[in-house]
Amino acid sequence: MTDYAGLIERARETVRAAQRITAFTGAGISTDSGIPDFRGPNGVWTKNPLAEKTSTLSHYLNDPEVRKIAWQNRARNMAWVAEQNIGHRAHVQLQQRGVLRAEATQNVDGLHQKAGNQPELVHELHGTMHVAVCWDCKDTHPMRAAVERVLAGDADPKCLLCGGILKSDTILFEESLKQEVIEAALGAADDCDVLLVVGSSLRVYPAANIVPRAKANGAHVIIVNGQPTDMDRYADIVINADIGTVLPQIVE
Ligand code: ZN
């Protein structure tokens, strides 16, 4: 049987001694806010494989029917009304103590900022659902405005400037991450004494590279996740337990 109390105590001591903590979060930190993850038992793609098409660039650009489904999903997305949870607040505590070097996240829900993390500390590796971007002219505006057009009956709203295809400013399959964002996140992995990974299965690259990068630079690596991850071999401490229960104990 796993000695969770002992692991949590070790993690707490490591965090307490840290000067520069880089946090890395995935969907698991937001499930307590009612936002489903992608690959878990109740994940979006597990339940409806067709939904994966709406997350693939070529399908999205070439098939109006896929875009209509994507817009319906955006209009109904629980993340619009989601509130930050105890896990997000634990990260804000680290910021208030002055030891949060950076918050790299695979999430697009904006809940770290909503909880109070300074936007300049948050590196959104997979973009943000709160911004709409035109594929053609690259104009950006708040997603809320585009969603209002969908709710008013426009099934596939186009760019108001050029008529181009609008998409969420998130990274789809077949799309590259923004170079400046991944560089900022990896730079924070190079420059931390503790890497705190929360709620990611660490299967998506290049985001997952943040773990070996931090380890190679001498950081202590703590992984808190519901299930084992692909990067557990790099970790000093792995805690497979409920994030909302464990994280406040580590950070207190
Ligand atoms: Zn445009």
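Residues numbered from 1 in each chain as written. Predicted model: local features only at pLDDT ≥ 70, side-chain atom pairs only at ≥ 80, totals over all residues. Heavy atoms only, no water.

Asks: What exactly am I supposed to notice about the nonpolar core here?
Replies: Most often, soluble globular proteins have nonpolar side chains that are buried together. If you look at the biggest cluster of nonpolar residues, it comprises 26 residues, and the most contacted ones within it are I21, L94, I222, I239 and I250. If you list the elements that add at least two residues to this core, you get α1 (4–17), β1 (21–25), α5 (86–96), β7 (194–198), β8 (220–225), β9 (237–240) and α10 (243–251). Sort the elements by how many residues they give to this core and α10 lands first, with 5 residues. If you look at the next biggest cluster of nonpolar residues, it comprises 23 residues, including V181, A189, C192 and M231. (Core = buried A, V, L, I, M, F, W, Y, C linked by side-chain atoms within 4.5 Å. Buried < 20%, exposed > 50% of the residue type's maximum accessible area, 1.4 Å probe, protein only. Helix = DSSP H or I, 4+ residues; strand = E, 2+ residues; numbered from the N terminus.)

Asks: When you look at the sheet that holds strand β6 (residues 166–170) in this model, what are you seeing that I'm missing?
Replies: By definition, the strands of a sheet pair up through backbone hydrogen bonds, in either a parallel or an antiparallel sense. Pairing in this open sheet of 3 strands is antiparallel, and the strands run β5-β4-β6 from one edge to the other. Because the sheet does not close on itself, it has two edges, and the strands there are β5 (140–142) and β6. Ignoring strand direction, the axes of neighbouring strands in this sheet form an average angle of 45°. Two strands pair when backbone bridges link them, and strand β4 (residues 127–134) and β5 are joined in this way by 3 bridges, in the antiparallel orientation. In the strand pairing of β5, A132 is matched with H141. (Pairing = 2+ DSSP bridges. Axes fitted to C-alpha atoms, helices over the stretch in contact; angles between N-to-C directions.)

Asks: What am I meant to see in the environment of A219 here?
Replies: Looking at the element boundaries, A219 is found in the loop between α9 (210–216) and β8. As for A219 and L196, which are separated by 23 residues in sequence, their C-alpha atoms are 9.8 Å apart. Ignoring sequence-local partners within four residues, the contact set of A219 consists of C192, D193, V194, L195, A214 and D236. (Contact = heavy atoms within 4.5 Å.)

Asks: For this particular structure, what's the right way to read the packing of helix α4 (residues 64–76) against helix α7 (residues 143–151)?
Replies: Where α4 meets α7, the axes come as close as 9 Å, and the angle between the chain directions of the two elements is 110°. With respect to α7, the axis of α4 lies roughly perpendicular. Together, W71, Q72, R74 and A75 of α4 and M143, A146, V147, V150 and L151 of α7 make up the contact between the two elements. (Parallel < 35°, antiparallel > 145°, perpendicular 65-115°, else oblique.)

Asks: Looking at this model, I keep getting lost on the coordination of the zinc ion. Mind explaining?
Replies: For a metal bound by four donors in a tetrahedral arrangement, the ideal donor-metal-donor angle is 109.5 degrees, while six donors in an octahedral arrangement ideally sit at 90 or 180 degrees. Those protein atoms acting as donors to the zinc ion are C134 (SG), C137 (SG), C159 (SG) and C162 (SG), and they sit at 2.3 to 2.4 Å. Here the zinc ion is ringed by 4 donor atoms whose angles at the metal span 100 to 117°, and the overall shape comes out tetrahedral. Expressed as a motif, the donor residue spacing for the zinc ion is C-x2-C-x21-C-x2-C. Of this pair, C134 sits in strand β4 while C162 sits in the loop between α7 and β6, and the two are 28 residues apart along the sequence. On the basis of relative accessibility, which here comes to 1%, the residue C134 falls in the buried class. (Donors = N, O, S within 2.8 Å, 3.2 Å for Na, K, Ca; no water. Tetrahedral: all angles 85-135°; square planar, octahedral: opposite > 155°, others 65-115°.)

Asks: Whenever I open this one, the sheet that holds β9 confuses me. Can you help?
Replies: Here we have 6 strands laid out as an open sheet, ordered β3-β2-β1-β7-β8-β9, and parallel in their pairing. With partners counted over all chains shown, the strands left at the sheet margins are β3 (122–124) and β9, one partner each. Ignoring which end each strand starts from, the neighbouring axes of this sheet average 15° apart. Note: β7 against β8, 5 bridges, orientation parallel. Among the inter-strand pairings, L196 is bridged to a residue of β8, identified as I222.

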